[in-house]
Structures are given as C-alpha cells and as structure tokens.
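Secondary and tertiary structure notes
Take a look at the letters that make up each chain.
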Amino acid sequence: MRLVIATAAALAAFVPAAQAETWKPYGAVSDKGLQWSYDADYSYRDQQSGKIVVMQAIGKVGAEPRMGPSGPGKPDGVGSVLALDCREKTVISLGGYSPKKPLELLANWRTANAAAAKSPEDQALIAAVCAGADSVPSK
C-alpha cells in the first residue's frame, strides 16, 4: 500500500496542474445571446507597468452544446488578452486567439500606445476587473 501511495505521489510531481479557468461575465448580453467574460484565474498585475493583464473571451449564454467562453487552444475559444490601466481607463491589446489562431502575445506591449476604453464592452471590463484590482497577484 505504501508503494502505491509513493508511486502516485511521485507521478503527481511530474504531471502539471491544470490551469483553472474561472470565467466571470461582464457587460450586457447581446441580442444574439453573446456575452464577454474574463478569466479571474489568469488576471494579474504586471509589476513593471502596474497594469492589470486579463484574458477575455466571448461565449453564447445558455447554448447547448456549451459555447465558450474558453481559453486558447479550445475548439470554442475566441478571445484576447488585454492590459488595463484602472486609473486612466485605458486598454492595450496584447494579442488575440481563435480556434484557427493560437494566442501570440506582443513582446513589446509595455511600450505600445494605450487606447481609451470607449466601447461599452471595454468600459464594463474595466469596471469589473478594477473593482477587484487590489486582490489580483503581481507577476
């Protein structure tokens, strides 16, 4: 019995933990039943810039079979990664993804020009993410 437990513990050390996805919806549901969500488990404060980096994805509310929101590499994953400045209410796009396009993040996003959050979706994202900005981890 001890050998079984030891073997299981040794194997667990080599198996990477699954990345959790806690999708939190924000903003209004569109007339086609689509809604944006952000992944609270992915969100973090960038130590160099002070901006909150967040992954967002779109999904169809109540769809069967389920349609998103999902992360990169998933058959229904459509979204992007953004850097948000909560004080200035600006957004920088770091990259996007779809089932046909893997996520590639801009290497120099910290020097990119930020855009004002003008769309209702961007404003809703900033409101939702920045409300809990003090609790996101720094990386």
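Look a little higher up for the structure.
Residues numbered from 1 in each chain as written. Predicted model: local features only at pLDDT ≥ 70, side-chain atom pairs only at ≥ 80, totals over all residues. Heavy atoms only, no water.

Details of the side chain of D39
Definition in use: Segments assigned H or I by DSSP are reported as helices when at least four residues long, segments assigned E as strands when at least two residues long, and all are numbered from the N terminus. Any residue under 20% of the maximum accessible area for its type is buried, any over 50% is exposed, and the rest in between are partly exposed; the area is computed with a 1.4 Å probe on protein chains only. Note that His is not counted, nor are the chain ends; the positive residues are Lys and Arg, and the negative ones are Asp and Glu. Criterion for a salt bridge: a side-chain nitrogen of Lys or Arg within 4 Å of a carboxyl oxygen of Asp or Glu. For the purposes of these results, a polar contact is taken to be a pair of N or O atoms within 3.5 Å, where, inside protein, one atom must be able to donate a hydrogen and its partner to accept one; residues adjacent in sequence count only when each atom of the pair is a side-chain atom.
Tracing the chain through its elements places D39 in strand 2 (residues 34-39). Buried and unpaired, D39 has no salt bridge, with K74 as the nearest side chain of opposite charge at 8.0 Å. Of the polar contacts made by the side chain of D39, one reaches the backbone nitrogen of T22; its length is 3.1 Å.

Digging into unusual backbone geometry
Keep in mind that most residues, glycine aside, have a negative phi and that most peptide bonds are trans. Residue P69 is reached from G68 by a cis peptide bond, and omega for that bond is -5°. Within the element layout of this structure, P69 appears in the loop between strand 4 (52-60) and strand 5 (79-85). Its identity as a non-glycine residue notwithstanding, K89 has a phi of 60°, on the positive side. Looking at where K89 falls in the secondary structure, it is placed in the loop between strand 5 and strand 6 (90-97).

A short note on helix 2 (residues 120-131)
Heads up, the condition is: Expected span of a helix, by definition, is 1.5 Å for each gap between consecutive residues, and there is one gap fewer than residues. For this quantity, the arc is that covered by the directions from the helix axis to the C-beta atoms. We call two residues in contact whenever any of their non-hydrogen atoms come within 4.5 Å of each other.
With 12 residues, helix 2 extends 16 Å between its outermost C-alpha atoms, agreeing within 8% with the 16 Å of an ideal straight helix rising 1.5 Å per residue. When we look at burial in helix 2, the residues that qualify are L125, I126, V129 and C130. Buried residues in helix 2, looked at end-on, bunch into an arc of 110°, giving them a common side. Pointing more than 90 degrees away from the buried face of helix 2 are the exposed residues P120, A127 and A131. In the core, the buried residues of helix 2 are packed alongside strand 1 (23-26), strand 2, strand 4, strand 5 and strand 6.

Re the nonpolar core
Inclusion rule: Take the buried residues of types Ala, Val, Leu, Ile, Met, Phe, Trp, Tyr and Cys, join any two whose side-chain atoms come within 4.5 Å, and each joined set is a nonpolar core.
V54, L84, L125 and V129 are the most contacted members of the largest nonpolar core, which has 14 residues in total. The set of elements that each furnish at least two residues to this core consists of strand 4, strand 5 and helix 2. Looking at this core element by element, the count peaks at four residues for helix 2. Ignoring any residue separated from it by four or fewer positions in sequence, one finds V54 in contact with Y38, Y42, S43, S80, V81, L82, L84, L125 and V129.

Points about the packing of aromatic side chains
Heads up, the condition is: Two rings belonging to Phe, Tyr or Trp (six-membered ring only in the last case) form a pair when the distance between their centres is within 6.5 Å. Interplanar angles under 30 degrees mark stacking, angles over 60 mark edge-to-face geometry, and anything in between is tilted.
Applying the stated criterion across every chain yields a total of two aromatic pairs. With 6.3 Å between their ring centres and 45° between their planes, Y26 and Y38 make a pair best called tilted. With Y26 in strand 1 and Y38 in strand 2, the pair connects residues that are 12 residues apart, well separated along the chain. Looking at Y26, the relative accessible area reads 5%, which means it is buried.

Structural notes on the pattern of salt bridges
In the structure shown here, the tally under the stated rule is two salt bridges. Across the salt bridge formed by E21 and K74, the nearest N and O atoms sit 3.1 Å from each other. Here the residue E21 occupies a position in the loop between helix 1 (2-14) and strand 1, and K74 occupies one in the loop between strand 4 and strand 5, the gap between them amounting to 53 residues. E21 gets classed as partly exposed once you look at its relative accessible area, which sits at 34%. The class of K74 is partly exposed, set by a relative accessible area of 33%.

Structural notes on the layout of surface pockets
Quick note on the threshold: The pocket and cavity definitions rest on a 1 Å grid over protein atoms only: a 1.4 Å probe that fits but cannot leave marks a cavity, an open set with protein on both sides within 12 Å along at least five of seven lines marks a pocket, and residues lining either have an atom within 4 Å of a point. Grid points are joined across faces, edges and corners, and a volume is the space filled by probe spheres set on the points.
As a volume, the largest pocket reaches approximately 160 Å³. What lines the largest pocket is Y26, G27, A28, V29, S30, L34, Q35, W36, I58, P120, E121 and A124. Listed by contribution, the elements that provide at least two residues to the lining of the largest pocket are strand 2 and helix 2.

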